[in-house]
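Remarks on the overall topology
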Amino acid sequence: MENTVFNLIKKGKIKGFSSSPRMIETVISRVFIFDEDDTVLKFYKKDNDWWNTEMRDISEGAPRISFIRDDFEFNKFLNPKIYISLKVPIISDGIVVLSEPKKDDDDLVIVMRKEDVSSVFTDVLWKGDLSSDEYREIGKSFAKIKLSIPRSFMPEEVPSWHEQARKRIEDVAGWVASEKDFPEKIAKKGMKILWNSIDSKKGHFDSIGKNDLFVSIDCNSENLIYSGKELRFMDAYSPKENWLTQTFDMDIFRVASDIYALSGKDAYESYLSGVKEIAGEHMHDEAHEFYLFYGAMIMGPYFFMLSHKDKRYLPMAEKYLKFIADQINQSKIAAS
């Protein structure tokens with residue numbers, strides 16, 4: 001049924017829409033963009049073996065339903081102007097009709113308003129024309145959003161933060177190794193800093209309990225929109241169950257590493273000053289190098305991966321690589 005639904009939508013045979021859509025296929029989803037209707041339909045794939053093995057199995061049934069519903073509710077909380085509703089596609093007389101889903105429906109589609117992707121934060125940072133005050137306000141805005149997320153989004157079982165952080169490093173190591181254009185020498189040194197950092201601060205990581213943790217946002221410059229001096233999130237639900245919680249700092253530095261790498265140190269410091277103005281008591285200064293490297297070692301390889309399909313990302317990847325190399329050279333933690 002899934003392919004039949006997609007074929008009908010491609011032809012514009014869907015109730016309530018005035019035109020045929022553009023379709024964009026990502027690693028995990030098929031996205032139909034109806035420009036004239038200012039609406040987007042997002043279907044998560046069932047048959048992505050890599051995702052179902054490495055991230056979480058959303059091929060069918062209860063796990064798929066749970067993930068899509070949680071993904072929608074989380075993103076709607078962060079960006080209610082964009083995330084509209086959750087529907088199920090039904091074929092009636094050769095036309096797709098979007099209906100209210102029943103409890104056991106797993107052919108779910110997320111209905112969204114079309115976002116202005118010209119304001120993706122990556123491109124804003126690449127232009128580099130924001131003022132220090134704007135970066136400070138971005139930091140304040142992000143901190144307020146982070147603090148506002150209800151703990152109801154947090155899973156019941158939460159491992160110790162030291163255990164979680166070590167598993168995060170293992171995940172990053174596999175991620176870095178999968179991108180062949182990211183230099184092996186830089187990869188090894190960056191990962192060594194992460195391991196040495198967490199080992200040297202074991203006492204600090206062990207002291208962080210469940211009540212000190214926050215709900216994660218899958219935030220990087222590609223998942224953020226910045227326009228009209230407003231910061232908005234897209235596709236911000238963590239794809240793996242063991243990424244659903246973390247310290248306040250980790251999300252802050254996922255974005256901070258992008259700002260530092262693409263817009264420079266002054267922008268980075270202004271952003272952090274805004275965060276600290278709102279939520280300084282949740283920041284752990286002794287581990288900031290760890291969090292900065294963690295963010296950088298995810299996004300450096302990611303920009304190389306993006307450049308395979310879109311060459312405009314290549315200079316960004318190269319700039320990110322230089323940033324990581326410079327940080328390795330300046331690090332107080334041995335990388336050899």
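Residues numbered from 1 in each chain as written. Predicted model: local features only at pLDDT ≥ 70, side-chain atom pairs only at ≥ 80, totals over all residues. Heavy atoms only, no water.

1. Looking at the overall build of the protein
From N to C terminus, the protein includes 12 helices and 10 strands. For 336 residues, the compact-globule estimate of 2.2 N^0.38 gives 20 Å, and the C-alpha radius of gyration of the protein, at 21 Å, lies within 12% of that figure. Its C-alpha atoms give the protein principal-axis dimensions of roughly 65 × 45 × 40 Å. Counting all 336 residues of the protein, 54% fall into the buried class. Restricting to contacts in the protein with at least 6 residues of sequence separation, those with at least 24 account for 70%. Total accessible area on the protein is roughly 15,500 Å²; 49% of this is exposed by carbon and sulfur atoms. With 48 positive and 56 negative side-chain charges, the protein shows a spacing of 1 Å between the two charge centroids. (Helix = DSSP H or I, 4+ residues; strand = E, 2+ residues; numbered from the N terminus. Rg over C-alpha atoms; globule rule 2.2 N^0.38 Å. Buried < 20%, exposed > 50% of the residue type's maximum accessible area, 1.4 Å probe, protein only. Contact = heavy atoms within 4.5 Å. Areas by Shrake-Rupley, 256 points an atom, 1.4 Å probe, with all protein chains shown as cover. Lys, Arg positive; Asp, Glu negative; His and termini not counted. Charge placed at Lys NZ, Arg CZ, Asp CG, Glu CD.)

2. Some details on the confidence of the model for the protein
Mean pLDDT over the protein stands at 92; residues scoring 70 or higher make up 99%. Ranking the elements of the protein by mean pLDDT puts helix H2 (residues 49–54) last with 82 and helix H10 (residues 265–279) first with 97. (pLDDT = per-residue confidence, 0-100.)

3. As for unusual backbone geometry
A positive phi angle is found at Lys229, which is not glycine, with a value near 60 degrees. In this structure, Lys229 sits in the loop between strand S8 (224–227) and strand S9 (230–233). Look at Asp235: it is not a glycine, yet its phi comes out positive at around 50 degrees. Following the sequence through the fold, Asp235 ends up in the loop between S9 and strand S10 (245–246).

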